[in-house]
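Report on the structure
Next come the chains, spelled out residue by residue.
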Amino acid sequence: MVLRGRPGIKDFGELKVIINLLKKYRGYATTLISLYINSNRPIPDVVSMLRQEWALASNIKDKTTRTHVQDALERIINSIKGISKAPENGLAIFAGFHMINPGNYEWIFHALIPPIPISTFKYICDTSFHTEILEGMVKSSDTYGIIVIERGEAVIALLRGNYWEIVDKVQFFVPNKHAAGGQSALRYKRQTEHLAETFYKLVAERTNKILTEIPNLKGIVVAGPGPTKEEFLEEGELDHRIRDKVIAIVSACCADISGVLEAIRNAEDKLKETEYVKAKKLMEEIMYLAVKKPEYLIYGKDSVMDAIKKGIAKMIVVSEDVGEDEIMNLTLMLRGRKGIELFVMPKSVEENLTLTQTFGGYVAILSTPSWLIENYEENQVQSDL
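Notes on the structure follow. (Residues numbered from 1 in each chain as written. Predicted model: local features only at pLDDT ≥ 70, side-chain atom pairs only at ≥ 80, totals over all residues. Heavy atoms only, no water.)

Glancing now at the overall build of the protein chain. A count of helices and strands for the protein chain gives 13 helices and 13 strands. Looking at the protein chain as a whole, 47% of its 385 residues qualify as buried. Long-range contacts, defined here as pairs at least 24 residues apart, represent 73% of the contacts in the protein chain between residues at least 6 apart. For the protein chain, the accessible surface area stands at approximately 19400 Å², while carbon and sulfur atoms represent 49% of it. (Helix = DSSP H or I, 4+ residues; strand = E, 2+ residues; numbered from the N terminus. Buried < 20%, exposed > 50% of the residue type's maximum accessible area, 1.4 Å probe, protein only. Contact = heavy atoms within 4.5 Å. Areas by Shrake-Rupley, 256 points an atom, 1.4 Å probe, with all protein chains shown as cover.)

Quick look at the structure:
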């Protein structure tokens, strides 16, 4: 079993799906093998090491454990021994026998090239697959901070890869500005301004704590209704390391989920390289094709699978909602086919609902108009007659 095709993972949504799938497997004792090979590690050296492990495994007393480990090692060796060098980003292999129930086992083998280089060589034999290095890649992808602030309320969110999440929410009583006259009005105004300053400092303190701990912070978007966001930047005492990374100040309705989505949308030109914004742009392209050039779009699981088999698909877009097993099957199906990209649409993108409800969770963007294939097949049938 030699590795074929390019088992490369291009986006973090697909990587996250694979990680979640790998975590489901369990072995009989310590029989599941996780192997991380960095690019500068010669494959022949890896093969030699695995052969030594195979020999050592002969000392395992439990017959089932010994058989499973040696069989897995042998299969891994056979899959890589014809390769001289690992890919530029390295190679991760997960192999072993998943225990469905005692006495009933399923062979599992996943080999992938991650989107970020593997920095170290690692071999682990355990009851489960070790995905920590891959999980670290998801966490270490470029991150953007999003602060949505209104009077007395703020949320701090992180946009990472295909996903965003609210990581903190701050609430503090700040009364509305008072318009009445007299000395009491001036006193009320001073008290209100003091409370607002205290609130801004509290939000800045929370923001500093969260964002200064992210080593790969790419930029920060500050959003909110009216002048509150500008006042916060002036009076909030943000850490200079955070303040220097503010890339956009935009309007947003409110400090909640809707406000975060509006902030991302209004700062789209500054966030265009993020996987999240790319996902939204991709859905825009799909909707354009559906209306203007429907002959270049096929949707629904059966039709998409048919387009893959006929070789007319150039990109497959699948909703995260279809499930990890389905996405993994598609990933494996496409690995031996050049020129076809797979994009997993994350649940966190609101357009995912359209992909699921309107297109059944599966879309294929075609390289060839569908009517050309239909005409070809019709002519073939007629010539056969």
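Now, onward.
Right, let's talk about the side chain of glutamate 268 for a bit. Examined against the element boundaries, glutamate 268 turns out to sit in the loop between helix 8 (257-266) and helix 9 (275-292). Here the side chain of glutamate 268 touches lysine 281 through a polar contact of 3.2 Å, side chain to side chain. (Polar contact = N/O pair within 3.5 Å; in protein donor to acceptor, adjacent residues only side chain to side chain.)

Burial in helix 8 covers these residues: Gly259, Val260, Leu261, Glu262, Ala263 and Ile264. Packing partners of the buried residues in helix 8 comprise strand 5 (143-150), strand 6 (153-160), strand 7 (163-171), strand 8 (217-224), strand 9 (246-251) and helix 9. The backbone nitrogen of serine 258 lies 3.1 Å from a side-chain oxygen of the residue at the head of helix 8, namely aspartate 256.

Attention shifts here to the packing of helix 10 (residues 301-310) against helix 11 (residues 324-334). Two elements in contact, helix 10 and helix 11, have axes whose closest approach is 12 Å; the angle formed by their N-to-C orientations is 15°. Judged by the angle between their axes, helix 10 and helix 11 are roughly parallel. In terms of crossing hand, the pair formed by helix 10 and helix 11 is left-handed. Contact residues: Lys301, Met305, Ile308 and Lys309 in helix 10; Glu326, Leu330, Met333 and Leu334 in helix 11. Of the residues in the contact of helix 10 with helix 11, the class split is five nonpolar, no polar and three charged. (Axes fitted to C-alpha atoms, helices over the stretch in contact; angles between N-to-C directions. Parallel < 35°, antiparallel > 145°, perpendicular 65-115°, else oblique. Left-handed = near helix turned anticlockwise from the far one by under 90°. Nonpolar A, V, L, I, M, F, W, Y, C, P; charged D, E, K, R; others polar.)

Spatial strand order, 10-13-11-12: four strands in an open sheet with mixed pairing. With partners counted over all chains shown, the strands left at the sheet margins are strand 10 (297-299) and strand 12 (341-345), one partner each. Between one strand axis and the next, the sheet turns through 20° on average, direction left out of account. In this structure, strand 11 (residues 313-319) lies alongside strand 12, joined through five bridges in parallel fashion. Each residue of the ladder has a partner; that of isoleucine 316, found in strand 12, is leucine 342. Packing against the sheet, helix 12 (residues 352-359) makes contact with strand 10, strand 11, strand 12 and strand 13 (362-366), and its axis sits at approximately 100° to strand 11. (Pairing = 2+ DSSP bridges.)

A few words now on the packing of aromatic side chains. Summed over the entire model, instances satisfying the criterion amount to 10 aromatic pairs. Here tyrosine 25 and phenylalanine 129 contribute two aromatic rings whose centre-to-centre distance is 6.0 Å and whose plane-to-plane angle is 85°, an arrangement assigned as edge-to-face. Pair noted here: tyrosine 25 is in the loop between helix 1 (12-22) and strand 1 (32-37) and phenylalanine 129 is in the loop between strand 4 (122-126) and helix 4 (132-140), with a separation of 104 residues, a long-range link. Centroid distance tyrosine 299 to phenylalanine 359: 5.3 Å. Interplanar angle 80°. Geometry classified as edge-to-face. Linking tyrosine 299 in strand 10 with phenylalanine 359 in helix 12, this pair joins segments that are 60 residues apart in sequence. Residue classification places tyrosine 299 among the partly exposed positions, given a relative accessible area of 45%. (Phe/Tyr/Trp six-rings, centres within 6.5 Å; stacked < 30°, edge-to-face > 60°.)

Hydrogen bonds between backbone groups are what pair the strands of a sheet, and the pairing can be parallel or antiparallel. The four strands are arranged 3-2-1-4 in an open sheet whose pairing can be described as antiparallel. Two strands bound the open sheet, and with one partner strand each, they are strand 3 (104-112) and strand 4. The sheet shows a mean angle of 10° between the axes of neighbouring strands, direction not considered. Here strand 1 pairs with strand 4 via five bridges, running antiparallel. Paired with serine 34 across the bridge in strand 4 is isoleucine 124. Each of strand 1 and strand 4 is contacted by helix 2 (residues 43-57), which is oriented at about 155° to strand 1, the strand it contacts most.

Attention now goes to unusual backbone geometry. In this model, alanine 29 sits at a positive phi of 60°, which is unusual for a non-glycine residue. Tracing the sequence through the fold places alanine 29 in the loop between helix 1 and strand 1. Since its relative accessible area comes to 35%, alanine 29 is described here as partly exposed.

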